[in-house]
Amino acid sequence: MGWPATVRSRPAWSSRPLDDRVGRYPLSARPEDPGEPLINVQDVQYAIGSHTVFSGLNVRVAAGRITAIMGPSGTGKTTLLRLIMGQVLPQAGRITVFGEDIAALARPELYALRQRVGLLFQTGALLTGMSVFENVAFPVREHAKLPESVLRDLVLMKLQAVGLRGAADLMPAELSGGMSRRVALARAIVMDPEVLLYDEPFVGLDPISKGVILRLIQSLNRTLHITSVLVSHDVPEISAIADYTYLMSGGKVVAEGSPAQLKSDTSGVVQQFISGAPDGPVAFHYPAPDYFTQLLER
Amino acid sequence: MRTAARFSLSLGIVKLGAVTRFLLRVLGQTLPSLRDPRLTVEQIYNAGARSLVIIMLCGLFVGMVLGLQAYDLLARFGSESALGVAAALGLLRELGPVLTALLFAGRAGTALASEIGLMGATDQLTAMEMMAVDPVRYVVAPRFIGGFIAMPLLTAIFDCVGIYGTQLIGVAMMRIPAGTFWSQTVNAVALRDINEGFIKSIVFGVACSLVAVYEGYNSEPTAEGVGLATTRTVVTSAVLILFLDYILTAMFL
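For every chain, the first residue of its written sequence is number 1, and the numbers climb from 1 along that sequence. Ligands are numbered from 1 and chains lettered from A, in the order in which they are written. Where totals are concerned, whole chains, interfaces and linings use all residues; where local detail is concerned, this predicted model gives features only for residues with pLDDT of at least 70, and gives and counts side-chain atom pairs only at 80 or more.

Trainee: What is the right way to read the overall build of chain B from this model?
Mentor: Labels follow the DSSP assignment, with helices taken as runs of H or I lasting at least four residues and strands as runs of E lasting at least two, numbered in each case from the N terminus. A count of helices and strands for chain B gives ten helices and zero strands. Each helix (α) and strand (β) of chain B, taken in turn from the N terminus, gives the series α-α-α-α-α-α-α-α-α-α. In terms of overall dimensions, chain B has C-alpha extents of about 65 × 50 × 30 Å along its principal axes. Exposure classes come from backbone-placed C-beta atoms, where a residue is buried if 20 or more other C-beta atoms lie within 10 Å of its own, exposed if 12 or fewer do, and partly exposed in between. Burial statistics for chain B: of 253 residues in total, 44% are counted as buried. Note that contacts rest on C-beta atoms placed from the backbone: two residues are in contact if these are within 7 Å. A fraction of 87% describes how many contacts in chain B between residues 6 or more apart in sequence connect residues 24 or more apart.

Trainee: Is there a simple way to think about unusual backbone geometry in this case?
Mentor: Of all residues except glycine, most have a negative phi; of all peptide bonds, most are trans. Residues and elements named next belong to chain A. For aspartate 43, which is not glycine, the phi torsion reads 45° and is therefore positive. Residue placement: aspartate 43 occurs in strand β1 (residues 39-48). You can call aspartate 43 partly exposed: it has 14 C-beta atoms within 10 Å. Here glutamate 200, not a glycine, exhibits a phi torsion of approximately 45°, which is positive. With respect to the helices and strands, glutamate 200 occurs in the loop between β7 (195-199) and α6 (207-223).

Trainee: What am I meant to see in the nonpolar core here?
Mentor: If you look at soluble globular proteins, the nonpolar side chains tend to sit buried side by side. By definition, a nonpolar core groups buried Ala, Val, Leu, Ile, Met, Phe, Trp, Tyr and Cys residues that are joined through C-beta atoms within 7 Å. Ranked by internal contacts, the top residues of the largest apolar core, which has 137 residues, are Ile69(A), Leu197(A) and Val213(B). With 16 residues, the single largest contributor to this core is helix α5 (residues 83-121) of chain B.

Trainee: Can you walk me through the interface of chain B and chain A in this structure?
Mentor: One widely used convention gives an interface's size as the accessible area the parts lose upon coming together. Listed by partner, the interface residues are ten residues for chain B and 14 residues for chain A. Under the convention adopted here, Pro, Cys and the residues Ala, Val, Leu, Ile, Met, Phe, Trp and Tyr are nonpolar, Asp, Glu, Lys and Arg are charged, and Gly plus all remaining residues are polar. Residue composition of the side of chain B that touches chain A, by class: five nonpolar, three polar and two charged.

Trainee: Sorry, what's going on with the environment of Gly162(B) here?
Mentor: Residue and element names in this part refer to chain B. Tracing the backbone shows glycine 162 in helix α7 (residues 135-173). Glycine 162 gets classed as buried once you count the C-beta atoms within 10 Å, which come to 31. A sequence separation of 103 residues divides glycine 162 from glycine 59, and the C-alpha atoms of the two residues are 4.5 Å apart. Among residues more than four places away in sequence, those in contact with glycine 162 are Gly59, Val62, Gly63, Leu91 and Gly96.

Trainee: Sorry if this is basic, but what is going on with the confidence of the model for chain A here?
Mentor: The predicted coordinates ought not to be read in detail in places where the model reports low pLDDT. Residue and element names in this part refer to chain A. A score between 0 and 100, pLDDT records how confident the predictor is in each residue. Looking at chain A as a whole, the pLDDT averages 81, with 88% of positions reaching at least 70. Averaged over each element, pLDDT in chain A is lowest for helix α9 (residues 268-275) (73) and highest for helix α3 (residues 132-143) (94). Within the model, the stretch residues 1-34 combines pLDDT values under 50 with 36 contacts to residues more than four positions away or in other chains.

Trainee: What exactly am I supposed to notice about the pairing of strand β2 (residues 51-61) of chain A here?
Mentor: Each regular strand shows side chains that alternate between the opposite faces of the sheet. Residue and element names in this part refer to chain A. Whether two strands pair comes down to DSSP finding at least two bridges between them. As paired elements, β1 and β2 share eight bridges and run antiparallel to each other. Note on β2: the bridge partner recorded for alanine 47 is threonine 52. Hairpin connection between β1 and β2: a loop of two residues separates the two successive antiparallel strands, and glycine 49 in this loop has a positive phi of roughly 65°.

Trainee: For this particular structure, what's the right way to read the environment of Ile208(A)?
Mentor: As for its placement among the helices and strands, Ile208(A) is situated in helix α6. Considered as a pair, Ile208(A) and Gly178(A) are 30 residues apart in the sequence and their alpha carbons are 9.1 Å apart.

Trainee: Where do I start with helix α5 (residues 177-189) of chain A in this structure?
Mentor: Residues that lie three or four places apart on an α-helix share one face, since the helix turns once every 3.6 residues. Residues and elements named next belong to chain A. For α5, which comprises 13 residues, the first-to-last C-alpha distance of 19 Å matches the rise-based estimate of 18 Å (1.5 Å per residue) to within 8%. For α5, a buried count of eleven out of 13 residues is recorded, marking the element as mostly surrounded by other parts of the structure. What α5 keeps buried is the set Met179, Ser180, Arg181, Arg182, Val183, Ala184, Leu185, Ala186, Arg187, Ala188 and Ile189. At its buried positions, α5 is contacted by β6 (117-120), α3, α4 (148-161), β7 and α6. Residue count minus one, scaled by 1.5 Å, sets the expected span of a helix.

Trainee: Looking at this model, I keep getting lost on the sheet that holds strand β10 (residues 252-257) of chain A. Mind explaining?
Mentor: All names here are of chain A. A sheet is described by the order of its strands in space; here six strands give the open sequence β6-β7-β8-β3-β9-β10, paired in mixed fashion. Looking along the sheet, the strands with just one partner apiece sit at the ends: β6 and β10. Each strand axis lies, on average, 15° off the axis of its neighbour in the sheet, ignoring direction. Pairing of strand β3 (residues 66-70) with strand β8 (residues 227-232) involves five bridges; the strand directions are parallel. Within the sheet, the bridge partner assigned to alanine 68 lies in β8 and is leucine 230. To obtain an axis, a line is fitted to C-alpha atoms, over the contacting stretch when the element is a helix, and the angle between two such axes runs from 0 to 180 degrees between their N-to-C directions.

Trainee: When you look at the sheet that holds strand β4 (residues 92-97) of chain A in this model, what are you seeing that I'm missing?
Mentor: Backbone-to-backbone hydrogen bonds pair the strands of a sheet. The strands run either parallel or antiparallel. Residues and elements named next belong to chain A. Taking strand neighbours across the sheet as the criterion, the four strands line up as β2-β1-β4-β5 in an open arrangement whose pairing is antiparallel. In this open sheet, the two strands that pair with only one neighbour each are β2 and β5 (100-101). Strands β1, β2 and β4 of the sheet are contacted by helix α1 (residues 77-84), whose axis makes an angle of about 115° with β1.

Trainee: It is not clear to me how the confidence of the model for chain B should be interpreted in this structure. Could you clarify?
Mentor: Residues and elements named next belong to chain B. When pLDDT is averaged across chain B, the result is 93; 100% of the residues are at 70 or more. Mean pLDDT values for the elements of chain B range from 89 in helix α1 (residues 2-28) up to 95 in helix α9 (residues 191-217). Two numbers describe this predicted complex: its pTM, 0.82, and its ipTM, 0.80.

Trainee: Just to check I follow, could you spell out the pairing of strand β9 (residues 244-249) of chain A for this structure?
Mentor: Residue and element names in this part refer to chain A. Here β3 pairs with β9 via four bridges, running parallel. Considered in β9, the bridge of threonine 67 is made with tyrosine 244. Where β9 lies against β10, five bridges are found, and the strand directions are antiparallel. Of the residues in β10, the one forming a bridge with methionine 248 is valine 253. Between β9 and the antiparallel strand that follows it, β10, lie two residues; glycine 250 among them carries a positive phi value of about 60°.

Written as structure tokens, this is what we have:
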């Protein structure tokens, strides 16, 4: 049995006002509609130069669930995470996190919100000048004044959770790809976030590391009730853990539902993606002039 | 031709505006970053202490070359005893701050730009942003402050070693009496001369550190981008140092 929503544990050193610590949403920004998702991406349009990344994108992330966002490479999955974190702003549409409009937040408010959201980078993005221990301790040192002994215990607990307590003194350069990802995960959960965003957590990992990360995502979601958003194109892994899946292509969502629903979807894009067919609605070739004409050109 | 010149001018103005905005952002984060003085002290060590060998070595050789050239010139007028004065004034007012700044740009400036650029290319700056830590406060401001604190200290060391190098040539090689050398030097050098060099070194320190952190922070997140940012740091700093030196010298004279 998990914590009731109203007394869900928050770090005791949280700098947010008391009334903000008792629920999933700050009281000032509690959504009017109780059914409103934790993250709501509504009709978002985003372009980089002349290249349209999203045109009318809609994604809703429900609290306490694992939501997966899948799609072929280059569909803007990572860009979506950057939009959710307020690193870039959409040209049109609205993104709300905890009921707050990301585009309307000033920097201090955005930073306050980011303390409640953890992001696992594809590369780990560990700070190379610090040891594993210091990397995990970094957010706590910056946002809380904890006695060194308490901080030490907290960091060791998080490292224990990802199986790397013994690597606390290593430097990031001494870690393998999978270990870096796990240290980054320990750092992402050290502030006890309410939401965790994973950017391609399985890329480049061996089957054992993949299994470890998979198990960690699941256990964090179940034991800590962390809402998880996974951006990935690994169909078997996503099918194993996701509660709800969005499939993106061409700048918008082309299919959504549970992994089982997506598997039984008969549309061409979905079937091509799930079966891994090289050609289909999602073309293998980047748009180009006719092959033979181009070869014969002088 | 005129269109190209106008385009370059407008690009220059845009860049100047961007650098000014960046400087204001860095200055705004200066006090918050000083709440953790460890960060700044570490950067003073990186930019200052780690540049000591190159600064002292160059200071010694510049002082010795100055000693040889000035002795040759002064000997033509029978004024060899003024060697200490010529070297001290030249080093304190001009050569010390300018050469230290150029060496600083080459050693510490490039290190700053490439370090920050690589942090950007490996998502470390973005990771800080996502952890609600402003990279300008944590990474940029301490390096900026460290740079401009280190510069006057390095200049003072360069000056001292340089004058010692001249003394080696004048007193040990050319047999100018040590008493004459030092008494003339002490009598001729005024506080105004030291101030001139000190102010120049502070201005160069701000300019070099700003250029380095700006180029590093705004570099393209690629290997080529970081390389270009490092090159731009050296070139821009060198031109800026000589330009500012002209302006400051004209103001002091």
